[in-house]
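What the coordinates show
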Amino acid sequence: MGLELYLDLLSQPCRSIYIFARSNNIPFEFKHVELFKDSVLGKKPAAGSGAEQPRAGLRFPHVCSLPCFLTVDTLLVEVTPQSPTIHTVCVPVSIYISVPPTILGSDQEPTTPDTTDVKQNWPSNSEGAGKVSLLKKVPALKDGDFTLAECTAILLYLSRKYNTPDHWYPSDIQKRARVDEYLSWHHANIRANAPKTMWIKVLIPLFTGQPLPSEKLQEVMEGLSTSLKQFEERFLQDKAFIIGSEISLADLVAIVELMQPVGVGCDIFEDRPRLREWRRRVEDAVGKELFFQAHEMILNIKELSNIQIDPQLKEQLAPVLMKMLK
């Protein structure tokens, strides 16, 4: 059995793994896990409804009344057909849908009325991802009988097993330490701020049916600006890439995260020439065609506004999301 990678390219960590594997010609079977498809958020308007249809090739959700989990920053929102609740967690968590074990390969039988039909139609790769990853989330790796979760762990495993060029994760102890330093800083800074733009601009208005006050986006952008200033001054400085003249895993993890706000119309590169040039160099290093292929879905994420939300789910979730922002 060969290498299998379970990825959803709406996810930043999944995109970094996809780009890394493709750019290094690592042979793998791409298991496309579509966490939005046939799952949680809603359905596309019917043909002839007057609503603009998403572009061919982009796949977005359909109606489902199953329990699901939406995570944003330090809040975990559990949504069930009965009622939503908020659980506070101590670290930033993924912005994307974390599908319950009843969907991702669990042996537990579904208990909600609609679960059986949905589970039968659930993409097989989602079920496979649940069996591969004990954490029931993507990215996930399967290499023969060996399975692995978490983005950084997977990137390092691939770099070591396939002996990728040294610049990705240098053998020089001090350069490697710089990569490690950035990866440690990244989660509480860039990753803690950049994904909020998608919630403010797309996802929360999608559920609540109304745009958020401009002050909310301004607050998010101020936090992101602080992180970007630190990124430029502390890590990038006057270098071509984070650790010097060649790209590393640090650059790859950073760029996929910073494409989230770009996808919702917040061009954080426009007024930052040093950051803009760094992005151009990263694109060139991995290949522009591959770069934009990996980011096709996120660059069209605003098309989510064309879908319709299950009214019951919308009624339950809207006040919870609004409360989170107060």
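This one's a predicted model, so the numbers in the text were calculated from it and none came from an experiment.

Conventions adopted
Residues numbered from 1 in each chain as written. Predicted model: local features only at pLDDT ≥ 70, side-chain atom pairs only at ≥ 80, totals over all residues. Heavy atoms only, no water. Core = buried A, V, L, I, M, F, W, Y, C linked by side-chain atoms within 4.5 Å. Buried < 20%, exposed > 50% of the residue type's maximum accessible area, 1.4 Å probe, protein only. Contact = heavy atoms within 4.5 Å. Helix = DSSP H or I, 4+ residues; strand = E, 2+ residues; numbered from the N terminus. Pairing = 2+ DSSP bridges. Expected span 1.5 Å × (residues − 1). Salt bridge = Lys/Arg side-chain N within 4 Å of Asp/Glu carboxyl O. pLDDT = per-residue confidence, 0-100. Axes fitted to C-alpha atoms, helices over the stretch in contact; angles between N-to-C directions.

Counting 59 residues, the largest nonpolar core has Leu 5, Tyr 182, Phe 231, Phe 269 and Trp 278 as the members making the most contacts within it. Once you skip the residues sitting within four places of it in the chain, Trp 278 turns out to touch Phe 231, Leu 236, Ala 240, Phe 241, Asp 251, Ala 254, Ile 255, Leu 258 and Phe 269. Grouped together as the second largest cluster of nonpolar side chains are 20 residues, Leu 10, Leu 203, Ile 301 and Val 320 included.

It is worth spelling out the pairing of strand β1 (residues 3-7) at this point. Counting buried positions along β1 yields five of five residues, so the element is predominantly enclosed. Sheet topology places β1 next to strand β6 (residues 140-143); four bridges connect them, and they run antiparallel. Bridge pairing in β6 links Tyr 6 to Ala 140. Where β1 and strand β2 (residues 29-32) come together, four bridges link them in parallel fashion.

Attention now goes to helix α8 (residues 214-236). Helix length check: α8, at 23 residues, gives a terminal C-alpha distance of 30 Å against a target of 33 Å (1.5 Å per residue), a fit within 8%. Along its buried surface, α8 packs onto α5 (173-188), α6 (190-193), α7 (196-208), α9 (249-263) and α10 (273-286). Where α8 ends, the next residue or the one after it, Gln 237, has phi of about 50°, a positive value.

Evaluation of the coordinates by the stated rule reveals twelve salt bridges. Of the charged contacts in the structure, one is a salt bridge between Glu 277 and Arg 280, with a shortest N-O distance of 2.9 Å. Separated by three residues within a single helix, Glu 277 and Arg 280 lie in helix α10, roughly one turn from each other. The class of Glu 277 is partly exposed, set by a relative accessible area of 33%. Of the residues examined, Arg 280 reaches a relative accessible area of 36% and is grouped as partly exposed. Between Lys 288 and Glu 283 there is a salt bridge, and its shortest N-O distance comes to 2.8 Å. You can call Lys 288 partly exposed: its relative accessible area is 39%. Looking at Glu 283, the relative accessible area reads 5%, which means it is buried. Among the charged side chains, a network of salt bridges with common partners joins Glu 277, Arg 279, Arg 280, Glu 283, Asp 284 and Lys 288.

This part covers the confidence of the model for the protein chain. Averaged over the protein chain, the pLDDT score is 73; the fraction of residues at 70 or greater is 65%. The weakest mean pLDDT in the protein chain belongs to helix α2 (residues 115-121) at 28; the strongest belongs to α10 at 98. In the predicted structure, residues 38-124 sits below a pLDDT of 50 and forms 204 contacts with residues beyond four places in sequence or in another chain.

Strand-to-strand pairing in sheets goes through backbone hydrogen bonds, with the strands running parallel or antiparallel. Across the sheet, four strands lie side by side as β2-β1-β6-β7; this open sheet has mixed pairing. Each of the sheet's edge strands pairs with one partner strand only, and the pair in question is β2 and β7 (146-149). For this sheet, the mean angle separating the axes of adjacent strands, direction not counted, is 20°. Here helix α1 (residues 12-23) sits on the sheet in contact with β1 and β2, set at roughly 145° to β1. On the sheet, helix α4 (residues 151-161) packs against β1, β6 and β7 and is oriented at approximately 135° with respect to β7.

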